[in-house]
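Observations on the model geometry
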Amino acid sequence: MKYYDKLIFELSKEGRCGYSLPESPWEESTVSIPSGLRRTDRPRLPYVSEVDVVRHYTNLSNMNFGVDTGFYPLGSCTMKYNPKINEEIAGMAAFHGIHPLQPRSTVQGVMKLYSDLSAALSAITGMAAFTLNPFAGAHGELTGLMIMRRYHMCRGDMKRTRVIVPDSAHGTNPASAAVCGLEVVQVKSLPDGTIDVEHLKSLLDDTVAGIMMTNPNTLGLFETRIEEIADLVHGCGGLLYYDGANMNPLLGVARPGDMGFDIMHLNLHKTFSTPHGGGGPGAGPVGVAQRLKPCLPLPRIDGEEPEENAGRVSGFMGNFGVLLKAYAYILMLGKQNIRLAGPLATLNANYIKESLKDCYRLPIQTVCKHEFVFDGLADQSTGVTTLDVAKRLLDYGFHAPTVYFPLLFHQSIMIEPTETESKETLDSFIEVMRMIAQEAAADPDMVRSAPHNTPVRRPDETEAARHPVIKFFD
Ligand SMILES: *Cc1c(COP(=O)(O)O)cnc(C)c1O
């Protein structure tokens, strides 16, 4: 154990101190906390010097992994590089010094930015208008479904309480529908990974509020029958919701609005390069087709409050700092370069897929879009599972791909390289994945006990999830 692996409380030495404050900065009479509520005992804080604190946090940060540290092929999450110019712009005093309660007349520049960003997102997706208010993808889903429900209600169409969700869907889709008070109905996938249109037909009637889909779907496969699906769902009076988490490969290639989708969200922290992870702020703007515009939630950029509005989904108008970073990204790339993102993400995914399909089982052989799914190692006789491969990757300095999702296969490994990685990075990942396949055959126990050289070894994941120990003292 290195000395800095010690917890900060273990470094504590009574009397040591890293700050100096005046003895009693306030007159007793000016302290407004009632005496009964004031603490009398000292808080249990460590006694450490400034240098101890700085080293403690710096060393902790070095144990972390992020997209600025290394390759992060987490499927479905689109962990692309976050250009630093976004941060620089979000850090400008004129932006971070404003307050959401300021009168609109004093933040006209921000309103212009909101309006321009909405217009850019509408142009990219083929939607008529956007609300920027939701704070995450899942929050966008809920907002979109509230809009869907409101639309049917305003038309007096009260029977529509069922939402169709494919069996390959991200867990947030059925969860959002349930939170919105709608009933979830599952539509099956065909062996080729796309929606079973015949099964869909059997589910459609006048109780269907709509269908939630993502295209390309969670297997990274384009739903080629999307126009037919749109006609069928619209034909029975339902709406189409697009989960925009998979928008990345479509950038500059195709638009959900043109495919027949009526409502969609975008994950700005996926497609538009704003940082995510660690519970940090996100943004899930929701776009709608023209006839659903009155149902957008409040407050609205145009200041209007139509009677059909779906209510409020947030106190103010979204996570401004995140929206600003996405806006900077879109402007920095411009129309020409944003068109390259999707095709390059697709090329990178297919390059990895083709380079590894002899060592890992590829259940669906077709050309993928921005991501694809392996079903474990080609050689299943070693007992080495997808979880073991994911853990072993950490030893080589790569973040693990998404594992055990989608649920269609038992050993899913979902890889999404994004467009921001160089061929050299992809090649070293491929080399390591091949090496792990060899290790699994030669020394399965070593792979099954990985990781061996990370700060934290393999935790008991169930125990860690059920009984996390998150503080030093009981
Ligand atoms: C990430 C993701 C979501 C949820 O988005 P959050 O911003 O994490 O709430 C929904 N659907 C799919 C397919 C996703 O990949």
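Above this text sits the structure in question.
Every value quoted in this text rests on a predicted model; they were computed, and no experiment measured them. (Residues numbered from 1 in each chain as written. Predicted model: local features only at pLDDT ≥ 70, side-chain atom pairs only at ≥ 80, totals over all residues. Heavy atoms only, no water.)

**Here we look at the overall build of the protein**
Within the protein, the regular secondary structure consists of 16 helices and ten strands. Here the C-alpha atoms of the protein give a radius of gyration of 25 Å, agreeing with the 23 Å that 2.2 N^0.38 yields for 474 residues. Along the first, second and third principal axes, the C-alpha set of the protein runs to 75 × 70 × 45 Å. The buried share of the protein, taken over its 474 residues, is 48%. Of the contacts formed within the protein by residues at least 6 apart in sequence, a portion of 69% connects residues at least 24 apart. For the protein, the centre of its 44 positive side-chain charges and the centre of its 54 negative side-chain charges are spaced 2 Å apart. (Helix = DSSP H or I, 4+ residues; strand = E, 2+ residues; numbered from the N terminus. Rg over C-alpha atoms; globule rule 2.2 N^0.38 Å. Buried < 20%, exposed > 50% of the residue type's maximum accessible area, 1.4 Å probe, protein only. Contact = heavy atoms within 4.5 Å. Lys, Arg positive; Asp, Glu negative; His and termini not counted. Charge placed at Lys NZ, Arg CZ, Asp CG, Glu CD.)

**Brief notes about helix H13 (residues 386-395)**
Counting buried positions over the ten residues of H13 gives eight, a clear majority of the element. Buried residues of H13: Thr386, Asp388, Val389, Ala390, Lys391, Arg392, Leu393 and Asp395, and no others. Turning to H13, the residues buried within the fold contact strand S9 (402-403), strand S10 (412-415), helix H14 (423-442), helix H15 (444-448) and helix H16 (461-466). Downstream of H13 by one or two residues, glycine 397 has phi in the positive range, about 85°.

**Here we look at helix H9 (residues 226-235)**
Residues Ile226, Ile229, Ala230 and Val233 constitute the buried set of H9. Projection of H9 onto a plane perpendicular to its axis shows the buried side chains occupying an angular sector of 100°, all on one side. Away from its buried face by more than 90 degrees, H9 exposes Glu227, Asp231 and Gly235. Each element contacted by the buried residues of H9 is listed here: helix H8 (197-203), strand S4 (208-213), strand S5 (239-244) and helix H10 (256-259). One or two positions beyond H9, positive phi appears at glycine 237, with a value near 90°. (Arc of directions from axis to C-beta.)

**Some thoughts on the packing of helix H5 (residues 108-125) against helix H12 (residues 320-356)**
At their nearest, the axes of H5 and H12 sit 10 Å apart, and the two run at 50° to each other. Between H5 and H12, the crossing angle belongs to the class labelled oblique. For the pair H5 and H12, the crossing hand works out as left-handed. Seen from H5, the contacting residues are Val110, Leu113, Tyr114, Asp116, Leu117, Ala120, Leu121 and Ile124; seen from H12, they are Phe320, Leu323, Leu324, Tyr327, Ile330 and Ile338. Its residues placed into classes, the contact of H5 with H12 shows 13 nonpolar, no polar and one charged. (Axes fitted to C-alpha atoms, helices over the stretch in contact; angles between N-to-C directions. Parallel < 35°, antiparallel > 145°, perpendicular 65-115°, else oblique. Left-handed = near helix turned anticlockwise from the far one by under 90°. Nonpolar A, V, L, I, M, F, W, Y, C, P; charged D, E, K, R; others polar.)

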